[in-house]
Amino acid sequence: MECVSAFDEPLKKLLGGATAKVMAEHLDLHTVGDLLHHYPRRYEERGRLTALTELPLDEHVTVVAQVADARVMMFNNGRGKRLEVTLTDGSGRLQLVFFGHGVHKPHKELLPGRRAMFAGKVSVFNRKMQLAHPTYQLLDAHDEGEATEAVDAFAGQLLPIYPACKQLDSWRIAKAVDTVLPSAPEAVDPLPPALREGRGFVPLPEALLRIHRPQTKADIAAARDRLRWDEAFVLQVALARRRYADTQLPAVARKPVSAGVLDAFDATLPFTLTEGQQKVTGEIFDALATEHPMHRLLQGEVGSGKTLVALRAMLRVVDAGGQAAMLAPTEVLAQQHHRSVTEMMGELAEGGMLGGSDKGTKVVLLTGSMGTAARRQALLDLVTGEAGIVIGTHALIEDKVKFHDLGLVVVDEQHRFGVEQRDALRSKGKQPPHLLVMTATPIPRTVAMTVFGDLETSVLDQLPAGRSPIASHVVPAKDKPHFLSRAWERVREEVENGHQAYVVCPRIGDDADEAAAKKGKPAAGEDAEKRPPLAVTDIAEQLAKGPLAGLRIEILHGRMQPDDKDDVMRRFAAGQVDVLVATTVIEVGVNVPNATAMVIMDADRFGVSQLHQLRGRVGRGSAPGLCLLVSEAHEASPARARLSAVAATLDGFELSRIDLEQRREGDVLGQAQSGVRSSLRVLSVIDDEEVIAAAREEAVRVVAADPSLETLPELRIALDALLDKDREEYLDKG
């Protein structure tokens, strides 16, 4: 089929080995089709200068600006030479700097009044934005040689600015696009003709020509509308087919049983369920009662009671004769879940044991570090069906683990698990078990429809009664050191009032950690921030000798022995430790209602969602919580803006939107969803909710009418391209 092969042509055949190599290694572009789908990030208008006031720090940018001033400075007693060039655009200024032998050419060319395109990485020096050794291309029509050629190359009114890298500038990518653009007419159009005509979209070849070489702004708008729809629609068809395939699988319906362990458990609850918990439970119970496997995402704010909802679902399955497995990402979390489930269930968790309830079931823990005897007993309880509930880490997935009748798999913090792990656990049922995925990271609706689009979604957005508000403040340690001193005083006050505190650091600080720290990126927004991130071991020692001397301080991190970790967590939960200095191992699931204060060191080194997760560990009891975000980033930096956003709201859904908006290009959906990321070029999961929702409806309609897409060969080709081996995984997030 010729139309496919033109797009599959390797770039090295057309562009030469060196350029193709850079494109493959740095931009993940390998074929003609890849390059044609590498769209301009934005467009510069001839005659209009770029806003220099809005440059993102630490990112590779392309600007069009005018030279205001250029001067050569000598240093090192005249042995060193530096060219400093000031650019202007009427609204702001930007400094360029060239050193050594790199001074000669720009000194001759970058004269005041000249206009050019400049590309480089934005950094800060002496609190001023600058580009060091940028590449540039002159845009003056009267200039000779290369500059004249440049003007000819950009003869249109709109200059496309491509996502670029240090090794390949935007204008070189533009030249490469010119080389492959003749292949655009051979693009295979994935949209069904009726859909394309009904929505008035331009044909795909035309959209590709318009996006790369627009004559007008209307060209760009028409091309973007069309390409955005392609991305949304093809992705939603893939997800709809996955959902359809799941509905064809058989599963054991787990129907309600009266007077069983669930009723006995409900009778012991000292509170009534929130409206949200009742609604979500209803959705889950209805799905469990069907003869097809449930695939449901349960997302809820930190502390919204997800564990209780999941436990009631597990008990429903136990009542119906099945077993339930809960998969946790770490041993600390598995032990924590096991502890909280057995505490919630009381004697109902001791079925078949002396003193246990006759309506109860056995709840067992299975982790990699358990002793041989305990492990053997747990495996025996699972295979005989004695244990109705098992909670564990990936140790649950090993071949040795056999179930009597696995009916439900609950996966906690889904994004930490690989697809293979989840599928291995699901394959342990006689028929596919029901699946409930939990996450405490609030996910905007668009992302849920995109990344978790093969799962039905339930949202818990109410906090149970009795949860306390959390006050959050940014502590600018560099500008106002006395604020940090006051932070430690506040921790001491909380402890004196009978409460406990967490101090979170980005790094452990043991030997194995040192090499990684040396590579550690400085916090965004400060040229002086070259030090490695603060470490648990160092901070714990400083606090014990200094501001928190006399308090009971312990450390917790992922490299400790499992028994030691569990011991520290038990003592902290029991109130025998005042201050726990930890890494992000406490991020999810750790529940100590008496902990009221949290100080997060180097807070700018954590993501928005992660900070929100961490903060959710305090204010879990009746006393109000306090979260202090310590940062050395300067006030005007994006890092500080991020922290201020976290301090300003407790709404996780609002923060997840902010998080998405502040992510860099190409990282919209985080590292885990590499397939989605590489397939979303113009679609914005932040802004295009209507497009995604409409594409989902159309996709459901198309797949219901023709599940194997027999009548739509072009759509099948587009799906195959999306779902190549490297990209298949994101669809298996279910």
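The structure presented is a predicted model; accordingly, all values stated were derived computationally and were not measured.

Cut-offs used in this document
- Residues numbered from 1 in each chain as written.
- Predicted model: local features only at pLDDT ≥ 70, side-chain atom pairs only at ≥ 80, totals over all residues.
- Heavy atoms only, no water.
- Axes fitted to C-alpha atoms, helices over the stretch in contact; angles between N-to-C directions.
- Helix = DSSP H or I, 4+ residues; strand = E, 2+ residues; numbered from the N terminus.
- Parallel < 35°, antiparallel > 145°, perpendicular 65-115°, else oblique.
- Contact = heavy atoms within 4.5 Å.
- Nonpolar A, V, L, I, M, F, W, Y, C, P; charged D, E, K, R; others polar.
- Buried < 20%, exposed > 50% of the residue type's maximum accessible area, 1.4 Å probe, protein only.
- Pairing = 2+ DSSP bridges.
- Phe/Tyr/Trp six-rings, centres within 6.5 Å; stacked < 30°, edge-to-face > 60°.
- Lys NZ or Arg CZ within 6 Å of the ring centre and 35° of its normal.
- Core = buried A, V, L, I, M, F, W, Y, C linked by side-chain atoms within 4.5 Å.
- pLDDT = per-residue confidence, 0-100.

A. Region of interest: the packing of helix H10 (residues 217-247) against helix H27 (residues 713-722). Look at H10 against H27: their axes get within 10 Å of each other, and the N-to-C directions meet at 85 degrees. With respect to each other, H10 and H27 are oriented roughly perpendicular. Contacts between H10 and H27 involve Phe233, Val234, Leu235, Val237, Ala238 and Arg241 from the former and Leu715, Ala718, Leu719 and Leu722 from the latter. In terms of residue class, the contact of H10 with H27 is built from 9 nonpolar, no polar and 1 charged.

B. Inspection of the pairing of strand E5 (residues 115-125) at higher detail. Among the 11 residues of E5, 8 are classified as buried, and the element is accordingly described as predominantly covered. As paired strands, E5 and strand E7 (residues 135-138) are joined by 4 bridges and run antiparallel to one another. The partner of Ala119 across the bridge, within E7, is Thr135. Two elements, E5 and strand E6 (residues 128-132), share 4 bridges in a ladder whose sense is antiparallel. For Ser123, the partnering residue across the bridge sits in E6 and is Gln130. Linkage of E5 to E6, two consecutive antiparallel strands, is achieved through a turn of 2 residues, within which Asn126 is found at a positive phi near 50 degrees.

C. Seen up close, the packing of aromatic side chains. Tallied over the entire structure, the rule returns 6 aromatic pairs. Look at Phe75 and Phe99: their rings are 6.4 Å apart centre to centre, the planes differ by 90 degrees, and that puts the pair in the edge-to-face class. Of this pair, Phe75 sits in strand E2 (residues 60-75) while Phe99 sits in strand E4 (residues 93-99), and the two are 24 residues apart along the sequence. Three or more aromatic residues joined by ring pairs make a cluster, and in this case those are Phe98, Phe118 and Tyr136. Taking NZ or CZ as reference, Arg316 lies 4.0 Å from the ring centre of Phe285, over its face.

D. View of the nonpolar core. By size, the foremost hydrophobic cluster in this structure holds 36 residues, and its most contacted members are Ile284, Met345, Ile389 and Leu408. Of all the elements in the fold, those that place two or more residues in this core are helix H11 (261-268), helix H12 (275-288), helix H13 (306-319), strand E10 (323-327), helix H14 (331-345), strand E12 (387-392), strand E13 (406-412) and strand E14 (434-439). No other element matches the 9 residues that H13 contributes to this core. Every residue in contact with Ile284, bar those within four places of it in the chain, is listed here: Met294, Arg296, Val309, Ala313 and Leu436. One finds Val22, Leu29, Leu158 and Val177 within the second-largest nonpolar core, a separate group that totals 34 residues.

E. Seen up close, the environment of Lys400. Residue placement: Lys400 occurs in the loop between E12 and E13. When the C-alpha atoms of Lys400 and Leu379 are compared, they prove to be 8.1 Å apart, with 21 residues separating the residues in sequence.

F. Spotlight on the confidence of the model for the protein chain. Confidence in the prediction of the protein chain, expressed as mean pLDDT, is 82, and 84% of residues score 70 or more. Every residue in residues 151-156 scores below 50 in pLDDT, and together they form 11 contacts with partners more than four places removed in sequence or on other chains. Throughout residues 725-734 the model reports pLDDT below 50, and contacts reaching past four residues in sequence, or to other chains, amount to 39 contacts.

G. Molecular detail of unusual backbone geometry. Phi is positive for Ala259, which is not a glycine, with a value near 60 degrees. Looking at where Ala259 falls in the secondary structure, it is placed in the loop between H10 and H11. You will see that Asp602, though not glycine, has its phi angle at about 50 degrees, which is positive. Looking at the element boundaries, Asp602 is found in the loop between strand E20 (595-600) and helix H22 (608-615). By relative accessible area, which is 2% here, Asp602 ends up buried.

H. Expanded view of the pairing of E10. Of all 5 residues in E10, 5 are buried, a share of seventy percent or more. The side-chain alternation of E10 yields two buried faces, one formed by Gln323, Ala325 and Leu327 and the other by Ala324 and Met326. Bridge count for E10 against E12 is 4 bridges, and the pairing is parallel. Paired with Leu327 across the strands is Gly392, a residue of E12.

I. Region of the structure containing the sheet that holds E12. Reading across the sheet, the 7 strands line up as E11-E12-E10-E13-E14-E9-E15 and stay open at both edges, with parallel pairing between neighbours. Both edges of this open sheet fall to strand E11 (362-366) and strand E15 (456-460), since each of them pairs with a single strand only. In this sheet, adjacent strand axes meet at a mean angle of 20 degrees when their direction is disregarded. Across 5 bridges, the pairing between E13 and E14 is parallel. Bridge pairing in E14 links Leu408 to His434. Across the sheet, H13 is in contact with strand E9 (295-300), E10, E12, E13, E14 and E15; its angle to E13 comes to roughly 170 degrees.

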